[in-house]
Amino acid sequence: MVSTGKNIRNFRRFPAEAQRSADAAAEERDQRLRAITKKRSSKAAKLSANADHRLRRLLGDDNWADLRNLMRQERLTLRDLLQPPQGLTSSYGKLNKARKQRAEAFLRSRDIRRDAIAEIAKDYHDGLAEVFMTHDKISPGFHLSNNLDKWLRLSPFHDRALPWGIFEPDDSQGPHRWEVFRPPFFGFNFGFLPVHNDNFVVDRIHTLNPSVGDVGISITMDNSDAGSFDYASGDAFSAIAFAFVPPTTGLIEVLIDAQCVEATHRLETEDEWGWSNSHTGQSNSLMLDVLHPNVSEPSYAEMSVFNERTDDDESFLQEKLTRGAHYFAQLFSAGPVPAGQPVIVCAGTRSFDISGTNDVSIHSTSDFRWFISSVEVRVSP
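Residues numbered from 1 in each chain as written. Predicted model: local features only at pLDDT ≥ 70, side-chain atom pairs only at ≥ 80, totals over all residues. Heavy atoms only, no water.

### Structural notes on the overall build of the protein chain
Okay, step 1: Tallying secondary structure elements over the protein chain gives five helices and 15 strands in all.
Okay, step 2: Seen through its principal axes, the protein chain has C-alpha atoms that stretch 80 × 40 × 35 Å.
Okay, step 3: Sequence-distant contacts, at least 24 apart, represent 84% of the contacts inside the protein chain between residues at least 6 apart.
Okay, step 4: Counting only carbon and sulfur atoms, one obtains 51% of the accessible surface of the protein chain, whose full area is about 17400 Å².
Okay, step 5: Across the protein chain, the centroid of the 44 positively charged side chains sits 2 Å from that of the 52 negatively charged ones. (Helix = DSSP H or I, 4+ residues; strand = E, 2+ residues; numbered from the N terminus. Contact = heavy atoms within 4.5 Å. Areas by Shrake-Rupley, 256 points an atom, 1.4 Å probe, with all protein chains shown as cover. Lys, Arg positive; Asp, Glu negative; His and termini not counted. Charge placed at Lys NZ, Arg CZ, Asp CG, Glu CD.)

Right, here's the structure in full:
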C-alpha cells in the first residue's frame, strides 16, 4: 500500500512570484515522488512475495499449510490460556515459551532446517534495505557547544547569541552577505508519505507552530499480527517558511540553529516464533528546502539515527540528543536560484523510518521536536 497525498503549504503572506515558483516546483516534485514511491512499493511487494515463495518451496505445500495452521492455532491457544480467571495467575513468559517449543518440535519432526529459513529471511532484509535506501542530499549535523569553533567561523553574527544580539545587515561580503530570520515565522510546509503492506499500520503526528519556530514529527509503525514477510516505511517532515530575495545567482546556503525539545527512539518487538527476525531503522534530520524549479530536492543534516536487528522479545528506548541543547546544520540547496527573484525557503525537521519483519510483531515510534531559533541565509560564494 502507498499513499501519495500532496504536501500542505501556507505561503499566502509571501510575494506572488515566489508562490508561483513554489507551486511549480512542488508540482514537479509531486510527480517525481509518485513515480519513485510507486516503484519502491512495487519492489518491496515483489521481495515479500519472492521470500514467501522460497519459504513455501523449502517447506513443501503440505508442510507449509500444516505449519501455518499450527501457528494460527497456537496463537489462539495462548490467547485462551490468558483469559480470566485462570489467566490471572498464568505466566505469559512460560506459556509463550511452550508455544515456541511446540513450533520448533514441528520443524524437527518434518526435518526442516532453521538455518535455511534464516537464509531466506536474511536475503529478504538485505533486499529491503536496498529498496528503501535513499539518495537524498544528506550531511551530518552538529552539536553546537561541542563544535563551537566551527560555529564561530561560519558567520560574522556568531560573535554574539543571536536571540539577544542586535545585528545589522552584513555588507562586508557584498551579494554573498548573510541575512538572519528568526521567529515569528508566517509560513509553513508539511507532508507525509507511508509505504507498507496490509499487516502494518503507519501514521504520524505533525507539530507545527510557525510563530514560535516549533516543528516536530512523530512516526508510528505498528504490526501486531505479523505475517511471513512484512514491510513498512514512513517519511514525514514539518517546516517553517519565509521569503528570501537572492542578491545574485547561485546556491542558497543556510545555517540553522535549532534547540532540541524531544528526541526519542522507541521500539518494542515480540518474536512470535523461534525462527523470526526483524530490522527497524529510524532517522531524524534538520532540513532545508528551497521551493524553486531549479532546486531538485531538499537537503538534510542528520541528527539522530537508530538501527536494530532483533529476533527476540525486546524493548528499546534511546535518546541520543540532549533536550534543551542547541544544534546546528550547514546546508546548501540542490540547485541554483536566479538573482532578484523571491524564493520560498523552508527550514524544519524530517524523519524517515523503515521496518522489515518476518513473524515478529513491531511497535516503532520516533518522536522529534525542535525549536528553530534562527535561520541565516545567503547565496553561497
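### Considering the nonpolar core
Okay, step 1: In terms of nonpolar packing, the biggest core is built from 34 residues, with Val254, Ile256 and Trp370 touching the most fellow members.
Okay, step 2: Elements that contribute at least two residues to this core include exactly β8 (230–244), β9 (250–271), β10 (277–291), β11 (299–310), β13 (326–337), β14 (343–358) and β15 (360–379).
Okay, step 3: Counting 21 residues, the second-largest nonpolar core is a separate cluster that includes Ala44, Leu55, Met71 and Ile120. (Core = buried A, V, L, I, M, F, W, Y, C linked by side-chain atoms within 4.5 Å. Buried < 20%, exposed > 50% of the residue type's maximum accessible area, 1.4 Å probe, protein only.)

### Points about the side chain of Ser283
Okay, step 1: Relative to the elements of secondary structure, Ser283 occurs in strand β10.
Okay, step 2: For Ser283, the side chain forms a polar contact with the side chain of Glu302, separated by 3.0 Å. (Polar contact = N/O pair within 3.5 Å; in protein donor to acceptor, adjacent residues only side chain to side chain.)

### Details of the pairing of β10
Okay, step 1: Among the 15 residues that make up β10, 15 are buried, leaving the element largely enclosed by the rest of the structure.
Okay, step 2: Sheet topology note: the β10/β14 ladder contains 15 bridges and is antiparallel. In the sheet register, Ser278 faces β14, and the bridge partner there is Thr357.
Okay, step 3: Two strands pair when backbone bridges link them, and β10 and β11 are joined in this way by 11 bridges, in the antiparallel orientation. Directly across from Gln282, in β11, lies its bridge partner Phe306. (Pairing = 2+ DSSP bridges.)

### What to know about the side chain of His279
Okay, step 1: Looking at the element boundaries, His279 is found in strand β10.
Okay, step 2: Setting aside chain neighbours within four positions, we find His279 in contact with His125, Asn307, Glu308, Arg309, Ile354, Ser355 and Gly356.

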